[in-house]
Each structure stands twice: as structure tokens, then as C-alpha cells.
Amino acid sequence: MNIRPATEHDIPELLTLKPNHEEFIYRGRLKEMSRGESVFLVAEDDGHLVGMSLLCYYGKATYPQYPDIRDIYVHEGKRSAGIGSELIHICEELSRAKG
């Protein structure tokens, strides 16, 4: 398994991974990431996306100074394999590194 930042090339597969999201949502996440406001991660296994997470550095309105994992999703067939835990672990490491 490989966890990496999402790219524009991932959008078609993201739309099938989590079909209740529309393309503009993923494009917005990529724009936030390009501005340094967040990190949009994808998990790949055997060349296919099996999970994703969105870490926002600015947090929620009530606690903007704390980072917030806004979205985390793992394909139903890949759950209980540690993918979600690894996504959370990487988000925690990125938050610590950001300060």
C-alpha cells in the first residue's frame, strides 16, 4: 500500500471510490492543498485507490488553531486492513510537522 497526496489525475477514480462526492469537491480539496491549507491523501493498493483522507490545518470554526481530519474513507472491501489507521497516523505526523 502507498499513501500519497492526491492529484488531479486521481479524480476519476475518486468519483468511483466515494460516489456520493462530486468532482467539484475533489477539485476544491486540491486547490486547498495547493494553498497549503490542507493535505488531501489517497491510499493506493495494487494500482487502485482504496482510501482517502482530508487533513485541514485550519481546523473547525470553534477551534481554528487545531488541525482537523475532515474526511476519511476506506473502500468497503478493504476495511479492517489498517488502511484507515495508517491514513490517520500520517495525518497526525503531518500535523505535528506543521506545528
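Residues numbered from 1 in each chain as written. Predicted model: local features only at pLDDT ≥ 70, side-chain atom pairs only at ≥ 80, totals over all residues. Heavy atoms only, no water.

Participant: Honestly, the side chain of D10 in this entry has me stumped. Any pointers?
Facilitator: As for its placement among the helices and strands, D10 is situated in the loop between β1 (2-5) and α1 (11-17). Here D10 falls in the buried class, since its relative accessible area comes to 7%. Here the side chain of D10 touches R4 through a polar contact of 2.7 Å, side chain to side chain. Excluding residues within four positions of it along the chain, D10 makes contact with R4, P5, V42 and L49. (Helix = DSSP H or I, 4+ residues; strand = E, 2+ residues; numbered from the N terminus. Buried < 20%, exposed > 50% of the residue type's maximum accessible area, 1.4 Å probe, protein only. Polar contact = N/O pair within 3.5 Å; in protein donor to acceptor, adjacent residues only side chain to side chain. Contact = heavy atoms within 4.5 Å.)

Participant: Would you take a moment to explain helix α2 (residues 23-34) for this structure?
Facilitator: The α-helix winds at 3.6 residues per turn, so residues separated by three or four positions along the chain end up facing the same way. Relative to the 16 Å expected for 12 residues at 1.5 Å per residue, α2 spans 17 Å between its end C-alpha atoms, a close match to the ideal helical length. Residues of α2 that are buried include every one of Y26, R29, L30 and E32, and no others. Taken around the axis of α2, the buried residues stretch over an arc of 160 degrees, which confines them to a single face. Structural note: α2 exposes F24, K31 and S34 on the side pointing more than 90 degrees away from its buried face. On its buried face, α2 sits against α1, β2 (38-45), β3 (48-56) and β4 (68-74). Phi turns positive, to about 80 degrees, at G36, one or two residues after α2. (Expected span 1.5 Å × (residues − 1). Arc of directions from axis to C-beta.)

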